Amino acid sequence: MLEVADAREIVLSHAKPLSPVRTALTPDSLGRVLAEDVRADIDSPPFRKSMMDGYAVRVADCTVPVELRIVEEIPAGAVPTRPIAAGECARIFTGAPVPDGADAVVMQERTEPLGDRVRVTDTALSPGRNVMPRGKEMTAGDVVLSAGSVLNPVAFGVLASVGRAEVAVVPAPRVAILATGDELVEANAAPGPGQIRNSNGPMLSALVHRAGGVSRYLGIVRDDLGELRTRIGEALADADVLLLTGGVSVGKLDLVPGVLEELGVVAHFHKVRMKPGKPLLFGSRGDTLVFGLPGNPVSGLVGFELFVRPALRKLAGHADPGPMTATLPLAADLSASHDRPTYSPGVVEAGRVRPLPWAGSGDLRSMLMADAFIVLPPGEVRLKVGEQVSVAVC
Ligand code: AMP
Ligand code: MG
């Protein structure tokens, strides 16, 4: 049976970054990956800028105490009208251009106003004090953000400062989600005899959103060949990724693999040596990736974190698809015995990972606190507090 690492390689080999699009810098573009190098169009600051409210002076004049004549007032947004000569200064405000001749700004707290003159009391003045040189942050032509950078809020600010209201980015993958199973009803319905609520639909929609995808939840499909053909066919038509849950195992009513094959989806693997989540199907049709996740919610969650999220990240242009792995000491003893490599829930706290009590793949509630999976080797495992374990962070 295929190992997790090999299965992930196969998934990633089919996930190609999506073609770039131009986008406005609205909060919806947060987290997108930049698809072009962006250069500064002007120097920043575009002039020698005062960093304080105070007085623009010549340091050579300022052997304290000294009185200087105020020749003009320069608020932010104004420009100086004349240079500063010996014995002179200009009243200046934060963000305003420093006049020629002046080589420092004395903050106003270190002065005493005397009408049209000012007494300077600053004993620590040196050239350049409180003045940001032109082009200190960036000069015209500098690459300020390179292709592959992730647009975080600071990037929005930097892009605006170089005059960019639109940029080329790798778009968010569009992910269609279908839940399959005769037993399922939606959250707003009371389950009848033998029925359960569909927890995978809402959970997967949220996982997709958190992973940077655009989710389109398409509802529940019955375990019925005709219905599955129609609904899966429609879903495949307009998605970068199709996520199906349920019906991918080997039971008589696990109809999804056969229907996918009929619809031209090529299966690349259909089982992974892991617990939970062994009966995971991955296939593709053209550029559309298809994941058949097992119906058990925890199996679906683990399958998503190990395979779907890395695929979404790669489609979205991220250099590192993840998942992030780490080696951490255990915060408590952990004993287990499984026939396959097992992903057991844990919570990271103060640099250690605490195993969470867990009743198996049907127990979604125990995963509420989990932010990591402890990777346990197959066989008898008896680990003591403080022993190092490898974890996949989710
Ligand atoms: P299956 O993969 O169809 O064999 O389903 C495995 C288990 O997961 C069964 O107990 C199903 O009832 C349950 N299950 C399937 N789909 C969902 C869903 N969308 N939400 C919650 N549980 C599900
Ligand atoms: Mg089923």
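Coordinates for the structure precede this section.
None of these values were measured; they are calculated from a predicted model.

*Asks:* Help me out: how do you make sense of the overall build of the protein chain in this one?
*Replies:* The number of helices and strands found in the protein chain is 6 helices and 28 strands. Compactness check: the protein chain gives a C-alpha radius of gyration of 31 Å against a globular reference of 21 Å for 394 residues, more than 25% above the reference. Taken along its principal axes, the extent of the C-alpha atoms in the protein chain is 95 × 50 × 40 Å. Residues counted as buried form 46% of the 394 residues belonging to the protein chain. Contacts in the protein chain between residues far apart in sequence, at least 24 positions, make up 69% of those at least 6 positions apart. For the protein chain, the exposed surface amounts to about 18300 Å²; the carbon and sulfur share of it is 54%. Looking at the protein chain, you have 40 positive and 45 negative side-chain charges, and the mean spots of the two groups are 2 Å apart.

*Asks:* What is the right way to look at the pairing of strand β13 (residues 166–170) in this model?
*Replies:* The buried fraction of β13 amounts to 4 of the 5 residues, a majority that puts the element mostly inside the structure. Sheet topology note: the strand β1 (residues 21–24)/β13 ladder contains 4 bridges and is antiparallel. Across the sheet, the residue bridging to R22 is A168, located in β13. Pairing analysis gives 2 bridges linking strand β2 (residues 33–34) to β13, with the strands arranged antiparallel. Bridge assignment links L34 to a residue of β13, and that residue is V169.

*Asks:* How should unusual backbone geometry be read in this particular structure?
*Replies:* The general pattern is negative phi for most residues beyond glycine and trans for most peptide bonds. Backbone torsion omega between K275 and P276 reads -5 degrees, so that peptide bond is classified as cis. Along the chain, P276 turns up in the loop between β19 (266–269) and β20 (281–285). Cis peptide bonds are those with omega within 30 degrees of zero, and the linkage from G322 to P323 qualifies with 0 degrees. The residue N130 is not glycine, and still its phi comes out positive at about 60 degrees. Mapped onto the fold, N130 is located in the loop between β10 (117–120) and β11 (131–132). On the accessibility criterion, N130 (17% relative accessible area) is buried.

*Asks:* Just to check I follow, could you spell out the environment of V71 for this structure?
*Replies:* Topologically, V71 is positioned in strand β6 (residues 66–74). Look at V71 and you get buried, because its relative accessible area is 19%. Dropping the residues within four chain positions of it, V71 is found in contact with R82, I84, E88 and C89.

*Asks:* Honestly, the site of ligand 1 in this entry has me stumped. Any pointers?
*Replies:* Around ligand 1 sit 14 residues in total, of which E183, N198, G247, G295 and N296 are the nearest. A distance of 2.6 Å separates an oxygen atom of ligand 1 from a polar side-chain atom of E183. Within the backbone of N296, an N or O atom sits 3.0 Å from an oxygen atom of ligand 1. Against a free-state accessible area of 480 Å², the protein chains account for coverage of 75% of ligand 1. By residue class, the composition of the shell around ligand 1 is 4 nonpolar, 8 polar and 2 charged.

So, how was this worked out
Residues numbered from 1 in each chain as written. Chains lettered and ligands numbered in written order. Predicted model: local features only at pLDDT ≥ 70, side-chain atom pairs only at ≥ 80, totals over all residues. Heavy atoms only, no water. Helix = DSSP H or I, 4+ residues; strand = E, 2+ residues; numbered from the N terminus. Rg over C-alpha atoms; globule rule 2.2 N^0.38 Å. Buried < 20%, exposed > 50% of the residue type's maximum accessible area, 1.4 Å probe, protein only. Contact = heavy atoms within 4.5 Å. Areas by Shrake-Rupley, 256 points an atom, 1.4 Å probe, with all protein chains shown as cover. Lys, Arg positive; Asp, Glu negative; His and termini not counted. Charge placed at Lys NZ, Arg CZ, Asp CG, Glu CD. Pairing = 2+ DSSP bridges. Near = heavy atom within 4 Å. Polar contact = N/O pair within 3.5 Å; in protein donor to acceptor, adjacent residues only side chain to side chain. Nonpolar A, V, L, I, M, F, W, Y, C, P; charged D, E, K, R; others polar.

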